[in-house]
Amino acid sequence: MSISDHYVWFVWASAFLVPWIILYALYASQRRVMWWVSIFTMPFGLTEPLFVPEYWNPPSLFDLAQRTGFDIESLIFCFAIGGIAAVLYNALTGRDLQPIDPGEKRLPMHRHHYLALGSPFIAFLALYFLPWNPIYPGILAMFVGAVAMLLCRPDLKTKTWVGGLLFVLCYIALLQGLRWLSPGYIERVWDLDALLGLQVFHMPIEELLFAAGFGMYWSGVYEHLTWRRVGLRNVPMTPENDLAIDHDCTPALELGCEAGAVLYTEGDELYAAMIDSIASARHEISLESYLFADDEVGRSFADVLCKRATAGVHVRLMIDAEGCRSRMSRRLTRRLADSGVEMRRFRPWRWGSPSQYWRRDHRKLLAVDGEVAYLGGFNIHRESSRAYSGEKRWRDTHVRLGGALARQVAGCFDAFWRRDLQWQPLDSVFPCSILMPNQTRACLRRLRCTYAALFAEAQKTIHIGTPYFVPDHRTQRILIEAAGRGVEVSLLVPGKSDVPITRWAARAAYARLLAAGVKVYEYLPRMFHSKTAVIDGTWATIGTANMDYRSFFLNYELNLITRDEQLCRQLQIQFERDLTESAEIGLHVWGQRKWTEYFFETIGWLSRRWL
């Protein structure tokens, strides 16, 4: 395709308004941000007189570039990419952003943030009068600004790279679009003889460097104007208080009492107990599951739920829209509804809020009459049943609770049902056990902080079983430090996974852990889906949370943290029994694996935040 050079720049710059309008229509919550970021970014188009004609000399609408130095097209392009970048940037980095406490803004590292904001302009003026093509002072000035932003906000390191990458992608789309609309346009418009002559896929390297520097600086400006971060509410995340935050997350529980919990490691036994409890319900049944399949197991649950609803019992069923997307049939849905079962699908796809679809309800719980409750890793599907899947059934763990803990499970369901997604019981109602969601109003990383605290305080052993092990760097560091002080750290993961890319991501972390003395075992007989941890034999956790990014930062989870001696002992015995059916991974052998495995592990690790 080729059009007159006089209109190429205008047509392609205007084309960027199309994705801007689409994103504006889809993301209603982002509209105000899109406007002010676009208006902030647009004036950078007025800097064209600094580069015309020494750098480029585009044929522009009304010949403005030639007559005045700047052009309408640059203003349109800068306006469009500002709003586009804001939406994409927030989608990639804006998980549960919380305002930074005003007191933190007065910390020494923020004292000169206004100087940091203005540093690119100072740097450009200092370099502009050197005998260089003006694009090079522009590139250096942008990177100076990015570094200055990081000095004020070292927590922005990852976000800074994301901002740079986004703008590089925008500029690639710009340059390739110009080449597509008018072949040879770049050679005719850019003064390539005045540049280094280096090109990447026929694009001047200077354009890509400027885009990277501008995007990195833009990220810092955006964060300084919004003053938000991912993490704890009202607590400055600085190295000095990092470990203190973790230790504050240790629950105040007593050792020695017994909660009367019943442990289940076989699906058929668990399902029979749950169905018996449902069948005996007198007032209320609350069932929540990430996956509820229309198979032999799911239909057996549906049968008893429908019977109790028909008998006048208040029956509520919460399932995850993504987890049940291809497993819960319309026929079964209609049958439940016709029987009086109240059913909700958590966050089905909505074009108006697509970013919400990433955050799933991963909890699996049942509460009956506030007297008995079940919690753990078992979904409702035939894969966990020996009767229907035989020896290939999934290896999982669940627990039955009674009394006050059962009432708390019911309370957690009630809060979720009324869409209070960050509700947590105020205090432990049982001296040795507490229910803990992964996100609360006080801490958006509650489970991750608690794990970190317990691991940091471990004296003898840390035994972790998880089907999806994709730990963040902080969790890895704490496990490595524990191994370094003589704690026996053992990790049990599946040798066979239902999601291969998560296994690749897990294996990418093995080398560092193995080198530090962490023992890694892969469970061989079948899919390992249990989510437990036992620390020093006196602390334990069981629930729905994996040890990965999704469970720590995105999904909604619920775990039991306990010092119940009997339950801790049972989980420890089960862990040791599982190790007898597992293979330990040796550091020497691990270092000799094939290059293809390195390749797939790299793909998994780069994708870890979206698995």
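Refer to the structure presented above.
Residues numbered from 1 in each chain as written. Predicted model: local features only at pLDDT ≥ 70, side-chain atom pairs only at ≥ 80, totals over all residues. Heavy atoms only, no water.

Student: Break down the overall build of the protein for me, citing the residues and quoting the values.
Tutor: From N to C terminus, the protein includes 24 helices and 21 strands. Counting only residues that meet the buried cut, the protein has 56% of its 611 residues in that class. The long-range fraction of contacts in the protein, counting pairs at least 24 apart against all pairs at least 6 apart in sequence, stands at 79%. Surface accessibility of the protein: about 25,900 Å² in total, with carbon and sulfur atoms responsible for 60%. (Helix = DSSP H or I, 4+ residues; strand = E, 2+ residues; numbered from the N terminus. Buried < 20%, exposed > 50% of the residue type's maximum accessible area, 1.4 Å probe, protein only. Contact = heavy atoms within 4.5 Å. Areas by Shrake-Rupley, 256 points an atom, 1.4 Å probe, with all protein chains shown as cover.)

Student: Give a description of unusual backbone geometry that names residues and reports values.
Tutor: With a phi angle near 70°, His202 is a residue other than glycine that sits in the positive phi range. Here Arg347, not a glycine, exhibits a phi torsion of approximately 50°, which is positive. In this structure, Arg347 sits in the loop between strand 8 (342-346) and strand 9 (365-368).

Student: Give a detailed account of helix 16 (residues 403-417), specifying residues and quantitative values.
Tutor: Here helix 16 spans 21 Å end to end across 15 residues, near enough to the 21 Å set by a 1.5 Å rise per residue. Of all 15 residues that make up helix 16, 12 are buried, and the element is covered over most of its length. Those residues of helix 16 not exposed but buried are Ala404, Leu405, Ala406, Gln408, Val409, Ala410, Gly411, Cys412, Phe413, Ala415, Phe416 and Trp417. (Expected span 1.5 Å × (residues − 1).)

Student: Residues and numbers for the pairing of strand 15 (residues 488-494), please.
Tutor: Burial runs high along strand 15: 6 of the 7 residues are buried. One ladder, built from 5 bridges, connects strand 13 (residues 461-465) with strand 15; its direction is parallel. Across the sheet, residue Thr461 finds its bridge partner in strand 15, namely Glu488. (Pairing = 2+ DSSP bridges.)

Student: Run through the packing of helix 2 (residues 17-26) against helix 5 (residues 72-93), naming residues and quoting values.
Tutor: The contact between helix 2 and helix 5 brings their axes to 9 Å, and the two run at 35°. For the pair helix 2 and helix 5, the crossing hand works out as left-handed. Together, Leu17, Pro19, Trp20 and Leu23 of helix 2 and Ile76, Phe79, Ala80, Gly83, Ile84 and Val87 of helix 5 make up the contact between the two elements. Here the residues of the contact of helix 2 with helix 5 sort into 9 nonpolar, 1 polar and no charged. (Axes fitted to C-alpha atoms, helices over the stretch in contact; angles between N-to-C directions. Left-handed = near helix turned anticlockwise from the far one by under 90°. Nonpolar A, V, L, I, M, F, W, Y, C, P; charged D, E, K, R; others polar.)

Student: Now, about the sheet that holds strand 21 (residues 582-585): what can you tell me, with residues and values included?
Tutor: With mixed pairing, the 8 strands of this open sheet are ordered in space as 12-20-18-17-13-15-16-21. Two strands in the sheet have a free side with no partner beyond their single neighbour: strand 12 (433-437) and strand 21. Along the sheet, successive strands turn relative to each other by an average axial angle of 15°, direction set aside. Its contacts with the sheet place helix 17 (residues 446-457) against strand 12, strand 13, strand 17 (532-535), strand 18 (539-543) and strand 20 (558-562), and it is angled at close to 135° to strand 12.

Student: Let's hear about helix 12 (residues 267-279): which residues, and what values?
Tutor: Under the 1.5 Å per step criterion, the end-to-end length of helix 12 is 18 Å for 13 residues, consistent within 8% with the ideal 18 Å. Listed as buried for helix 12 are Gly267, Leu270, Tyr271, Ala273, Met274, Ser277 and Ile278. Looking straight down helix 12, one finds its buried side chains confined to an arc of 165°; they lie on one side. Away from its buried face by more than 90 degrees, helix 12 exposes Glu269 and Asp276. (Arc of directions from axis to C-beta.)

Student: I'd like to hear about the packing of aromatic side chains, residue by residue, with values.
Tutor: In this structure the tally under the stated criterion is 32 aromatic pairs. Aromatic side chains Tyr89 and Tyr222 sit 5.5 Å apart centroid to centroid with 75° between the ring planes, which places their arrangement in the edge-to-face category. In this pair, Tyr89 sits in helix 5 while Tyr222 sits in helix 10 (residues 205-226), placing the two residues 133 residues apart along the sequence. The burial state of Tyr89 is the same as that of Tyr222; both residues are buried. (Phe/Tyr/Trp six-rings, centres within 6.5 Å; stacked < 30°, edge-to-face > 60°.)

Student: Give me the lowdown on the sheet that holds strand 8, citing residues and values where you can.
Tutor: Across the sheet, 7 strands lie side by side as 5-11-10-9-6-7-8; this open sheet has mixed pairing. Looking at strand neighbours, the two that pair on one side only are strand 5 (262-264) and strand 8, the edges of this open sheet. Between one strand axis and the next, the sheet turns through 10° on average, direction left out of account. Here strand 9 runs beside strand 10 (residues 372-376); their pairing, made up of 4 bridges, is antiparallel. Pairing of Val368 across the sheet is with Val372, part of strand 10.

Student: Go over the environment of Lys531, please, and point to the residues and values.
Tutor: Topologically, Lys531 is positioned in the loop between strand 16 (519-523) and strand 17. Through-space distance from the C-alpha of Lys531 to that of Thr544 is 6.4 Å; in sequence the pair is 13 residues apart. At 2.7 Å, the side chain of Lys531 forms a polar contact with the side chain of Asn546. (Polar contact = N/O pair within 3.5 Å; in protein donor to acceptor, adjacent residues only side chain to side chain.)

Student: Help me get a handle on the pattern of salt bridges, residues and values and all.
Tutor: Summed over all chains, the structure comprises 19 salt bridges. In this structure, Arg282 engages Glu371 in a salt bridge whose closest nitrogen and oxygen atoms are separated by 2.9 Å. With Arg282 in the loop between helix 12 and strand 6 (284-289) and Glu371 in the loop between strand 9 and strand 10, this residue pair connects regions lying 89 residues apart in the sequence. Assessed through its relative accessible area of 48%, Arg282 is described here as partly exposed. Among the residues examined, Glu371 registers a relative accessible area of 44% and is labelled partly exposed. One salt bridge in this structure joins Arg325 and Glu322, with 3.1 Å as the shortest N-O distance. Note on Arg325: relative accessible area 57%, which makes it exposed. Given a relative accessible area of 23%, Glu322 falls into the partly exposed group. A single salt-bridge network, built from bridges that share partners, covers Glu266, Arg386, Glu391 and Arg393. (Salt bridge = Lys/Arg side-chain N within 4 Å of Asp/Glu carboxyl O.)

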